[in-house]
Amino acid sequence: YGGMGLDFSYNIAVAEELGNIRCGGVPMAIGVQAGMATPALTRFGSHELKKQFLVPTIAGDFVACLGISEAGAGSDVANIKTTAVRKGDEYVINGGKMWITSGTQADWMCLLANTSEGPPHRNKSLICLPMNLPGIHVARKIDKLGMRSSDTAQIFFEDVRVPCKNLIGEEGKGFTYQMLQFQEERLWGVATALTPLETIIQETIDYTRQREVFGQPVLHNQTVHFRLAELATEVELLRSLLHRAVALYVEGNNVTKFASMAKLKAGRLTREVTDSCLQFWGGMGFTSEVLVSRFYRDFRLMSIGGGTDETMLSIICKYMEILPRK
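Please read all numbers here as calculations on a predicted model, not as lab measurements.

A. Quick peek at the overall build of the protein. The helix and strand tally for the protein stands at nine helices and ten strands. Rg of the C-alpha trace for the protein: 21 Å, near the compact-globule value of 20 Å for 326 residues, within the 12% margin. Considering only C-alpha atoms, the protein reaches an extent of 80 × 40 × 40 Å along its principal axes. Per-residue burial for the protein yields a buried fraction of 51% across its 326 residues. The long-range fraction of contacts in the protein, counting pairs at least 24 apart against all pairs at least 6 apart in sequence, stands at 74%. Of the roughly 15,700 Å² of accessible surface on the protein, a fraction of 54% belongs to carbon and sulfur atoms. Charged side chains in the protein number 34 positive and 34 negative. The centres of these two groups are separated by 4 Å.

This is the structure in structure tokens:
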């Protein structure tokens, strides 16, 4: 379908390299295209769907977005309310999606919707939804704290009709497909953070080496250089966890626990590194003129998007079997 046929480890190599871009929004948009909106289609979609949607997406002719979150259902995916009711050979879609990356410019959406009544983990389906259909309303571009170079939309659906052949895989398997898709999304997100964290630490070293306070460089304070050494060590530990998870995933293992651990650690470490380093920049860190302040804003999303820290902890607890069974 136009791709290179390489395994997922190459996606992660690309994600790490994209970290050299000096913002978070552009790598995130590419990540939606490569590792968030397309894995389920690649794995479970029909040949016809792949030709219609995957081929132009891989070629870069189509922009894809992922339609999961809603105003009342972010990390709680099972609680989404958008419906796709089968009428003849079409689904009629009603509802809305929130916080949709690339939503104002997308050509198609990988949409999760309720296609039947019943248990919330077995009544959902993924659908390839062209974004130029009647009844699709891009309500607004959301003004955000960070990731400002990436457009994020609120979208409503009013009696949108889409052919049933646009269903990805089997009806009712959408929740399962999305959970599998989340593994790749979360690992990609971790990978895109590694290089920026290294960059922030190195630029802070360079700045504090030449910035003098009370007659000596800021870097010569033990509190400063010990803290930077500690943060660099934490980044390397996160890299090792990511690479272990990716190696296991390429071998065909379920890495939900390790992907959740890496996502949790990445969210917390990006906050820790950017906050600590910004402090060492002093007044300059509070301006928009330096990279650390941009990453301070951009990477705050890491603990929220793609599943909050709290959601990651719940998943980890489940796999460790340390919570009572319901």
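B. Broad picture of the domain arrangement of the protein. Annotation of the protein at the domain level lists domain 1 (26-170) and domain 2 (176-320). Here domain 1 and domain 2 have C-alpha centroids that lie 29 Å from each other. Taken together, the 27 residues of domain 1 in the interface contact 19 residues of domain 2. Across the interface of domain 1 and domain 2, roughly 1,800 Å² is buried in total on both sides, 64% from carbon and sulfur atoms. Its largest share of buried area at the contact with domain 2, domain 1 owes to Met 36, Ser 75 and Met 147, together 26% of the area lost on that side. Counting every contact that joins domain 1 to domain 2 gives one salt bridge. Here Arg 43 and Glu 184 are joined by a salt bridge, their closest N and O atoms 3.5 Å apart. Linking domain 1 with domain 2 are eight residue pairs in polar contact (both at pLDDT 80 or more), by the criterion used here. Looking at the side of domain 1 that touches domain 2, the elements with two or more residues in it are helix 2 (25-36) and helix 3 (39-44). Class assignment for the residues of the side of domain 1 that touches domain 2 results in 17 nonpolar, seven polar and three charged.

C. Representation of the packing of helix 5 (residues 174-210) against helix 8 (residues 291-298). Closest axis-to-axis distance for the helix 5/helix 8 pair is 10 Å, and the angle between their directions is 145 degrees. Helix 8 is crossed by helix 5, and the crossing has left-handed handedness. Residues Pro 196, Thr 199, Ile 200 and Glu 203 of helix 5 touch helix 8, and the partners they reach there are Leu 291, Val 292 and Phe 295. A per-class count over the contact of helix 5 with helix 8 returns five nonpolar, one polar and one charged.

D. Layout of the pairing of strand 5 (residues 124-130). Taken across its seven residues, strand 5 has seven buried, putting it largely inside the fold. Covered by surrounding structure in strand 5 are Lys 124, Leu 126, Cys 128 and Pro 130 together with Ser 125, Ile 127 and Leu 129, the residues of both alternating faces. Both strand 4 (residues 108-114) and strand 5 contribute to a ladder of seven bridges, which runs antiparallel. Bridging across to strand 5, Cys 110 finds its partner in Cys 128. Both strand 5 and strand 8 (residues 167-168) contribute to a ladder of two bridges, which runs antiparallel. Each bridged residue has a counterpart across the sheet, and for Leu 126 the counterpart in strand 8 is Ile 168.

E. The environment of Gln 202, seen in detail. Checked against the element boundaries, Gln 202 lands in helix 5. The class of Gln 202 is partly exposed, set by a relative accessible area of 40%. Taking the C-alpha atoms as reference points, Gln 202 and Asp 275, separated by 73 residues in sequence, lie 15 Å from one another.

F. The arrangement of the UniProt feature "domain: Acyl-CoA dehydrogenase/oxidase N-terminal" (unreviewed entry) in the protein in detail. The feature "domain: Acyl-CoA dehydrogenase/oxidase N-terminal" (unreviewed entry), as given by UniProt, occupies residues 1-61 in the numbering adopted here. Within residues 1-61, the helical portion is 69% and the strand portion 0%, while the C-alpha atoms at the span's ends are 13 Å from each other.

G. Here's a closer look at the UniProt feature "domain: Acyl-CoA dehydrogenase/oxidase C-terminal" (unreviewed entry) in the protein. In the UniProt entry, the feature "domain: Acyl-CoA dehydrogenase/oxidase C-terminal" (unreviewed entry) is given for residues 172-318. Between the end C-alpha atoms of residues 172-318 the distance is 23 Å, and the span holds 74% helix and 3% strand.

H. View of the side chain of Ser 102. Along the chain, the position of Ser 102 falls in the loop between strand 3 (90-101) and strand 4. Using a relative accessible area of 3% as the deciding quantity, one classes Ser 102 as buried. Sequence-distant contacts of Ser 102, that is, excluding residues within four places in its chain, are made with Ala 29, Val 63, Ala 64, Cys 65 and Asp 151.

I. Region of the structure containing the packing of aromatic side chains. Overall, the coordinates contain five aromatic pairs when judged by the stated rule. Seen in terms of ring centroids, Phe 44 and Tyr 177 are 4.0 Å apart; in terms of plane orientation they differ by 15 degrees. Their pairing is stacked. Note that Phe 44 is positioned in helix 3 and Tyr 177 in helix 5, a separation of 133 residues in sequence. Taking the relative accessible area as the measure of exposure, Tyr 177 reaches 6% and is therefore buried. Here Tyr 207 and Trp 281 contribute two aromatic rings whose centre-to-centre distance is 4.1 Å and whose plane-to-plane angle is 5 degrees, an arrangement assigned as stacked. Note that Tyr 207 is positioned in helix 5 and Trp 281 in the loop between helix 7 (256-280) and helix 8, a separation of 74 residues in sequence. In this structure, Tyr 207 and Trp 281 share a single accessibility class: buried. The lysine or arginine in question, Arg 186, covers the ring of Phe 182, its NZ or CZ lying 4.4 Å from the ring centre.

Parameters and conventions
- Residues numbered from 1 in each chain as written.
- Predicted model: local features only at pLDDT ≥ 70, side-chain atom pairs only at ≥ 80, totals over all residues.
- Heavy atoms only, no water.
- Helix = DSSP H or I, 4+ residues; strand = E, 2+ residues; numbered from the N terminus.
- Rg over C-alpha atoms; globule rule 2.2 N^0.38 Å.
- Buried < 20%, exposed > 50% of the residue type's maximum accessible area, 1.4 Å probe, protein only.
- Contact = heavy atoms within 4.5 Å.
- Areas by Shrake-Rupley, 256 points an atom, 1.4 Å probe, with all protein chains shown as cover.
- Lys, Arg positive; Asp, Glu negative; His and termini not counted.
- Charge placed at Lys NZ, Arg CZ, Asp CG, Glu CD.
- Domains from an automatic or database assignment.
- Buried area = accessible area lost by both parts, 1.4 Å probe.
- Salt bridge = Lys/Arg side-chain N within 4 Å of Asp/Glu carboxyl O.
- Polar contact = N/O pair within 3.5 Å; in protein donor to acceptor, adjacent residues only side chain to side chain.
- Nonpolar A, V, L, I, M, F, W, Y, C, P; charged D, E, K, R; others polar.
- Axes fitted to C-alpha atoms, helices over the stretch in contact; angles between N-to-C directions.
- Left-handed = near helix turned anticlockwise from the far one by under 90°.
- Pairing = 2+ DSSP bridges.
- UniProt positions renumbered as here; feature names shortened; annotations may be inferred.
- Phe/Tyr/Trp six-rings, centres within 6.5 Å; stacked < 30°, edge-to-face > 60°.
- Lys NZ or Arg CZ within 6 Å of the ring centre and 35° of its normal.

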